[in-house]
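Descriptive analysis of the structure
Here is what each chain is made of, one letter per residue.
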Amino acid sequence: MSHLISIFTLIFIYSCSTTPTNRELISFGDSLADTKEELEARLTKISYESGGDYEFKAFPISDTMIKIEVNNIAQIRGFAKEESDLLFKLRSQKYSFEKSCLQVNINKIGLTKDSTISNWDIFLVDNLGRKVPTSPSEETIRNYQTIFSGLYGKNRIAVTEAIICTRVKVDLTKGFQLQFVSKKDTVKSTLDWSI
């Protein structure tokens, strides 16, 4: 009996200690996460530059993420299978068919009028080191300001966010990087999804 308890304990410890890799989350995220928000949180990468004045956040929009979102919408709205399949097809064509897309967010502490995604060159770098340029989807660009309570008191944050896409499909399951290069400053940053 004690052997069975030991085996079950080891299985439980092993299953709890294994965290899914980026590759597994991108390829099989719909079976590893219950909600789109959970998958986003697991795939989101963050970096800071210029002493924390700039914050870069991004996550890839994969087919599995689209599948989770469509399933949640279908449950809420009571879609039939045909309606769910059509919604999945439409979302896949928009964000993953023959291209790769990512949700990007750039925050800049301090009031600035030039805070827009168009002031940045953003490249998707595949596992072989090839740089693929991206362009923002115009209907997804949002620029706004918010308040930040930091160590030295309140300050404004200029936020710019958008969904950016490549013109060609890049295999994200083999690992990739996202490089940000400012067109106005010398600020650069890289986010890494190593596999």
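Below: a short report on this structure. Being a predicted model, the structure only gives us computed values, none of them experimental.

Here's the deal with unusual backbone geometry
- If you check the backbone angles, Ser50 has positive phi at about 55 degrees while not being a glycine.
- Relative to the assigned elements, Ser50 resides in the loop between strand S1 (45-49) and strand S2 (54-61).
- Taking relative accessible area as the criterion, Ser50 reaches 42% and is therefore assigned partly exposed.
- Residue Glu98 is not a glycine yet carries a positive backbone phi of 55 degrees.
- Mapping Glu98 onto the fold places it in the loop between helix H5 (81-95) and strand S3 (101-109).

Quick word on the pattern of salt bridges
- For the structure shown, the criterion picks out 10 salt bridges.
- Salt-bridge contacts for Lys183 lead to Asp121; the nearest nitrogen and oxygen are separated by 3.8 Å. Placement of Lys183 in the loop between strand S8 (176-182) and strand S9 (188-193) and of Asp121 in strand S4 (residues 120-125) is noted, with a sequence separation of 62 residues between them.
- The class of Asp121 is partly exposed, set by a relative accessible area of 32%.
- The salt bridge partner of Arg142 is Glu161, with a shortest N-O separation of 2.7 Å. With Arg142 in strand S6 (residues 142-150) and Glu161 in strand S7 (residues 153-166), this residue pair connects regions lying 19 residues apart in the sequence.
- Within the structure, one salt-bridge network assembled from shared partners comprises Lys36, Glu40, Glu69 and Arg91.

A few points about the packing of helix H4 (residues 63-77) against H5
- One can describe the packing of H4 onto H5 by two numbers: an axis separation of 10 Å at closest approach and a directional angle of 145 degrees. The way H4 lies across H5 gives a crossing that is right-handed. Counted together, Asp63, Ile66, Lys67, Glu69, Val70, Ile73 and Ala74 of H4 and Ser84, Leu87, Phe88, Arg91, Ser92 and Tyr95 of H5 form the full contact between these two elements.
- Residues that form the contact of H4 with H5 fall into these classes: seven nonpolar, two polar and four charged.

Observations concerning the state of the cysteines
- Inspection of the entire model under this criterion finds one disulfide.
- Cys101 shares a disulfide with Cys165; S-S distance 2.0 Å. Taking the sign of the S-S torsion, 105 degrees for the link of Cys101 and Cys165, the bridge is right-handed. A residue pair is termed long-range when its members are at least 10 positions apart, and Cys101 in strand S3 and Cys165 in strand S7 qualify at 64 residues.
- By relative accessible area, Cys165 is classed as buried at 11%.

Details of the nonpolar core
- Leu102, Val104, Trp120, Ile122, Leu124, Leu178 and Phe180 are the most contacted members of the largest nonpolar core, which totals 38 residues.
- Setting aside chain neighbours within four positions, we find Leu124 in contact with Ser100, Leu102, Arg130, Lys131, Val132, Thr134, Thr166, Val170, Leu172, Phe176, Gln177 and Leu178.

The rules behind the values
- Each residue is numbered by its place in its chain's sequence as written, counting from 1.
- Side-chain atom pairs in this predicted model are given and counted only at pLDDT of 80 or more, local residue features only at pLDDT of at least 70, and totals for whole chains, interfaces and linings cover all residues.
- With hydrogens and water excluded, all non-hydrogen atoms of the structure serve as input to the side-chain values.
- Secondary structure elements are defined from DSSP: runs of H or I of at least 4 residues count as helices, runs of E of at least 2 residues count as strands, and each element is numbered from the N terminus.
- Note on exposure labels: buried denotes an accessible area under 20% of the residue type's maximum, exposed denotes more than 50%, and partly exposed covers the range between, all computed with a 1.4 Å probe on protein chains only.
- Think of a salt bridge as a Lys or Arg side-chain nitrogen and an Asp or Glu carboxyl oxygen that are within 4 Å of each other.
- A fitted line through C-alpha atoms serves as each axis, taken over the contacting stretch for helices, and the angle formed by two N-to-C directions is quoted from 0 to 180°.
- Two helices cross in a left-handed way if the nearer one is turned anticlockwise from the farther one by less than a right angle. They cross in a right-handed way if the turn is clockwise.
- Whether two residues are in contact is decided by their heavy atoms: any pair within 4.5 Å suffices.
- Note on residue classes: Ala, Val, Leu, Ile, Met, Phe, Trp, Tyr, Cys and Pro are nonpolar, Asp, Glu, Lys and Arg are charged, and everything else, Gly too, is polar.
- Disulfide assignment relies on a single distance test, namely cysteine sulfur atoms paired within 2.5 Å.
- To qualify as a nonpolar core, a set must consist of buried Ala, Val, Leu, Ile, Met, Phe, Trp, Tyr and Cys residues joined through side-chain atoms within 4.5 Å.

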